[in-house]
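The residues making up each chain are set out below.
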Amino acid sequence: MHTPFSASFSHYAPAVDHLLFYKIINDTDGIRLRIWESATDLDQSPSPYLYILNLRVASIAEAKKRLKAHLALNGGTLVTGQTLPFKGKVKLMPHATWDGTQGDD
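Here the structure is a predicted model, which means the values were calculated and not measured.

## What about the side chain of histidine 70?
Thinking step 1. Looking at the secondary structure, you find histidine 70 in helix H2 (residues 60-73).
Thinking step 2. Polar contacts involving the side chain of histidine 70 include one to the side chain of tyrosine 51, which spans 3.0 Å.
Thinking step 3. The residues touching histidine 70, leaving out its near neighbours within four places in the chain, are Leu20, Ile35, Tyr51 and Leu53.

Structure, rendered in structure tokens:
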């Protein structure tokens with residue numbers, strides 16, 4: 001018997017929110033974009049982070065463009081035309097790349 005998508009989705013939903021943190025830093029060496037996701041107790045990570053990206057970019061506009069692209073790939077949602085402050089956090093959708101068909105045996 002095939003379980004409806006809405007009923008089976010809760011089986012895969014995480015118990016905690018995943019947040020993506022970022023900073024756009026303008027220092028003497030230029031513009032730097034730092035993006036990271038904190039690990040949870042469930043991740044079994046040896047460090048407090050799942051990953052940290054440090055990127056040097058040519059401009060603040062490029063930093064925001066790369067940040068928006070990273071958010072789109074990882075389930076972060078922004079309102080159209082939303083401006084991003086130089087420091088913040090964005091809630092990630094669970095299983096952003098999951099199409100609802102994996103694990104349906």
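## Topic: the pairing of strand E2 (residues 30-38)
Two faces, one strand: in a regular strand the side chains alternate between the faces of the sheet.
Thinking step 1. Pairing geometry for strand E1 (residues 18-27) and E2, over eight bridges, is antiparallel. Bridge pairing in E2 links asparagine 26 to isoleucine 31.
Thinking step 2. Between E1 and E2, which pair antiparallel and follow one another directly, the connecting turn spans two residues.
Thinking step 3. Across eight bridges, the pairing between E2 and strand E3 (residues 49-57) is antiparallel. Looking across to E3, one finds that isoleucine 35 is bridged to leucine 53.

The rules behind each value
- Residues numbered from 1 in each chain as written.
- Predicted model: local features only at pLDDT ≥ 70, side-chain atom pairs only at ≥ 80, totals over all residues.
- Heavy atoms only, no water.
- Helix = DSSP H or I, 4+ residues; strand = E, 2+ residues; numbered from the N terminus.
- Polar contact = N/O pair within 3.5 Å; in protein donor to acceptor, adjacent residues only side chain to side chain.
- Contact = heavy atoms within 4.5 Å.
- Pairing = 2+ DSSP bridges.

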